[in-house]
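# Examination of the molecular architecture
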Amino acid sequence: MQGSDQAEVLFSPLSLPGGAVLRNRIAKASMEENLAAEGQIPDHRLRRLYRIWGAGGAGLLITGNVMVDARAMTGPAGVVLDARAPLEPFAAWAAAARSGGAAAWMQLNHPGRQVRADLGGVAWSPSAVPISGAGGFARPVAMDEADIRAVTAMFASGAARAIEAGFTGVQIHAAHGYLLSQFLSPLANRRTDRWGGPIERRARLLIEVVRAVRAAMPAGAALGVKLNTADFQRGGFRQEDALRVVELLAEHPVDLVELSGGSAERPAMHGVLDGADDRTRAREAYFLDLARDVVAASPIPIMLTGGIRTAAGAREVLRAGVAVVGVATALAQCPTLPREWSLGRPGPGPLPASAASDKATVSAAKQAAVRWILRRTAARGAAPESTDPDAALRLDARRRARLLRRYRGWLAGRTPPRDG
Ligand SMILES: Cc1cc2nc3c(=O)[nH]c(=O)nc-3n(C[C@H](O)[C@H](O)[C@H](O)COP(=O)(O)O)c2cc1C
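Now for a quick tour of the structure. For clarity, every value in this text was computed on a predicted model and none was experimentally measured.

Here we come to the nonpolar core. Within the largest apolar cluster, 117 residues are counted, with the highest numbers of intra-cluster contacts made by Phe90, Leu206 and Leu249. For this core, the element with the highest residue contribution is helix α4 (residues 145–165), accounting for 8 residues. What Phe90 contacts, discounting residues up to four positions off in sequence, is Ile41, Pro42, Val79, Val80, Leu81, Ala85, Met106, Ala165 and Phe167. Core analysis: the next-biggest nonpolar cluster, separate from the first, contains 12 residues, Ala70, Ala123, Tyr407 and Trp410 among them.

Tracing the chain through its elements places Arg309 in the loop between β13 (302–305) and α11 (311–319). Of the side chains with opposite charge, Glu284 lies nearest to the buried Arg309, which makes no salt bridge, at 6.4 Å. For Arg309, the contacting residues outside a window of four places in its chain are Glu284, Ala330, Gln333, Trp341, Pro348, Gly349, Pro350 and Leu351.

Another aspect to go through is the site of the ligand. In the region of the ligand, 21 residues are neighbours, and Ser30, Glu32, Gln107, Gly307 and Thr329 sit closest. His173 places a polar side-chain atom, nitrogen or oxygen, 3.0 Å from an oxygen atom of the ligand. Contact distances for the ligand include 2.8 Å between an oxygen atom and a backbone N or O atom of Ala328. Protein contacts shield 96% of the accessible area of the ligand, which totals 610 Å² for the unbound molecule. Top element by residues in the shell around the ligand is helix α14 (residues 359–380). It accounts for 3 residues.

Moving on to the environment of Gly169. Looking at the secondary structure, you find Gly169 in strand β10 (residues 169–174). Remark: the alpha-carbon pair of Gly169 and Ala103, spanning 66 residues in sequence, is separated by 7.8 Å.

Let's shift gears to the packing of α4 against helix α7 (residues 204–216). Where α4 contacts α7, the two axes come as close as 8 Å, and the packing angle between them is 35 degrees. Judged by the sense of rotation from one axis to the other, the crossing of α4 with α7 is right-handed. Of the residues in α7, those touching α4 at Ile148, Val151, Thr152, Phe155, Ala156, Ala159 and Ala160 are Leu205, Glu208, Val209, Ala212, Val213 and Ala216. Considering only residue class, the contact of α4 with α7 consists of 11 nonpolar, 1 polar and 1 charged.

For the coordinates displayed, the defined rule picks out 18 salt bridges. With a closest N to O distance of 3.6 Å, Arg214 and Asp255 form a salt bridge. Placement of Arg214 in helix α7 and of Asp255 in the loop between α8 (239–249) and β12 (256–260) is noted, with a sequence separation of 41 residues between them. Taken as a pair, Arg214 and Asp255 share a single burial class, namely buried. For Arg375, the salt bridge goes to Asp396, with nearest N and O atoms at 3.7 Å. In this pair, Arg375 sits in helix α14 while Asp396 sits in helix α15 (residues 389–414), placing the two residues 21 residues apart along the sequence. A residue is classified by how much of its surface remains accessible, and Arg375, at 13% relative accessible area, is buried. Judged by its relative accessible area of 10%, Asp396 is buried. Each of Glu200, Arg244 and Glu247 takes part in salt bridges that share partners, so that together they form one network.

Quick look at the packing of aromatic side chains now. This structure, assessed with the given rule, holds 7 aromatic pairs. Here Phe90 and Trp93 contribute two aromatic rings whose centre-to-centre distance is 6.4 Å and whose plane-to-plane angle is 55 degrees, an arrangement assigned as tilted. One end of the pair, Phe90, and the other, Trp93, are both in helix α3 (residues 88–98), 3 residues apart, so they sit about a helical turn from each other. By relative accessible area, Trp93 is classed as buried at 0%. Here Tyr407 and Trp410 contribute two aromatic rings whose centre-to-centre distance is 6.2 Å and whose plane-to-plane angle is 40 degrees, an arrangement assigned as tilted. Remark: Trp410 and Tyr407 occur in helix α15; sequence separation between them is 3 residues, near one turn of the helix. Here the two residues Tyr407 and Trp410 agree in accessibility, since each one is buried. Site record: aromatic cluster; members linked through ring pairs are Tyr50, Trp53, Phe90, Trp93 and Phe167.

Thresholds, definitions, all that
Residues numbered from 1 in each chain as written. Predicted model: local features only at pLDDT ≥ 70, side-chain atom pairs only at ≥ 80, totals over all residues. Heavy atoms only, no water. Core = buried A, V, L, I, M, F, W, Y, C linked by side-chain atoms within 4.5 Å. Buried < 20%, exposed > 50% of the residue type's maximum accessible area, 1.4 Å probe, protein only. Helix = DSSP H or I, 4+ residues; strand = E, 2+ residues; numbered from the N terminus. Contact = heavy atoms within 4.5 Å. Lys, Arg positive; Asp, Glu negative; His and termini not counted. Salt bridge = Lys/Arg side-chain N within 4 Å of Asp/Glu carboxyl O. Near = heavy atom within 4 Å. Polar contact = N/O pair within 3.5 Å; in protein donor to acceptor, adjacent residues only side chain to side chain. Areas by Shrake-Rupley, 256 points an atom, 1.4 Å probe, with all protein chains shown as cover. Axes fitted to C-alpha atoms, helices over the stretch in contact; angles between N-to-C directions. Left-handed = near helix turned anticlockwise from the far one by under 90°. Nonpolar A, V, L, I, M, F, W, Y, C, P; charged D, E, K, R; others polar. Phe/Tyr/Trp six-rings, centres within 6.5 Å; stacked < 30°, edge-to-face > 60°.

Below you can see the structure in the form of structure tokens.
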């Protein structure tokens, strides 16, 4: 197809299987904003950020991951939507996200064993297998049947409440090494019961969650799943597993599968890939090659995220049969990126690189830089020109200490210790 035809596709509407319509093919991928107010609820800062993104022209805005269990957080300023959270702040957030005409989905997540030790709380996991190659995480506890039932109910309750608040859909986070992704991984999931073993059993929790979430939502609410193409670990979740999981998901009313890759052990989603993947890193869409077979086989529309920053890159992804391009970093740098693309203007250049040589620090610094941009945008109404990732990481550490005290105090006050 010629470039102009592809431009048409990029800005053409997409009808999802459940009937929801996205006004174009550009989605803001999920980014944990780290901007929750006291009580882990959204406030004016998140409202402002999403109003800005909404006006920027994307077809779909997916929120940063919202925790379904207040005791299991990916960071101390994360948003929690459990059965006890007040709904009004979420309703105001949903209204802000929808104010520009985009669909607004809440991403629901349980981090499983990817919980930092200093956060306290619980680090549930399919098996008691600690995270390798990345320090600071809590010791994981293998889940029993009651825990599995409880977490399924938490996702369902979170979804029902998100839609009640006014979000038009939810996305279940089953990528990046979090709980559902841990169940999918043969390295993290060593269970010999019905929740472990071959991929069909490792996928059982995800499928149960999809079923429970769908049943908890009214007809017309959209349901998405974020899934890895691969974990990039020897013996881990592979592309053929992803193919099978998409096949299993297709038996249920799922509207969109977003493909990504990596985990805390291998932060591929931040472009930090191993030597063999340098070729992939040099190109815009990190996971396009791995996604091709899934795209070809999937009856569910596919969204692809990772490294996309130009309209030309986005068009290449659509040419491969992908239905929606997911953009995170570039949409933090330039919240009006869809508008810029539609006017033929270039987006921002890549973020400055960290001076660090180890992958974990490079990835942490990149995330800190993006979070810094989001904070500034929420505070000032416009994204800053640029940022130094290593300075952002130092700033993040100081801010985190303060937010950690606030979160732990809130959690302790909210949940009386069991021993009275
Ligand atoms: C600061 C930051 C926070 C992120 N938080 C989330 C998250 O909450 N949920 C998620 O699925 N992905 C999260 N991601 C990953 C992005 O959705 C995306 O997969 C990744 O950044 C690659 O896309 P990009 O190259 O367009 O940034 C985050 C990325 C960044 C930079």
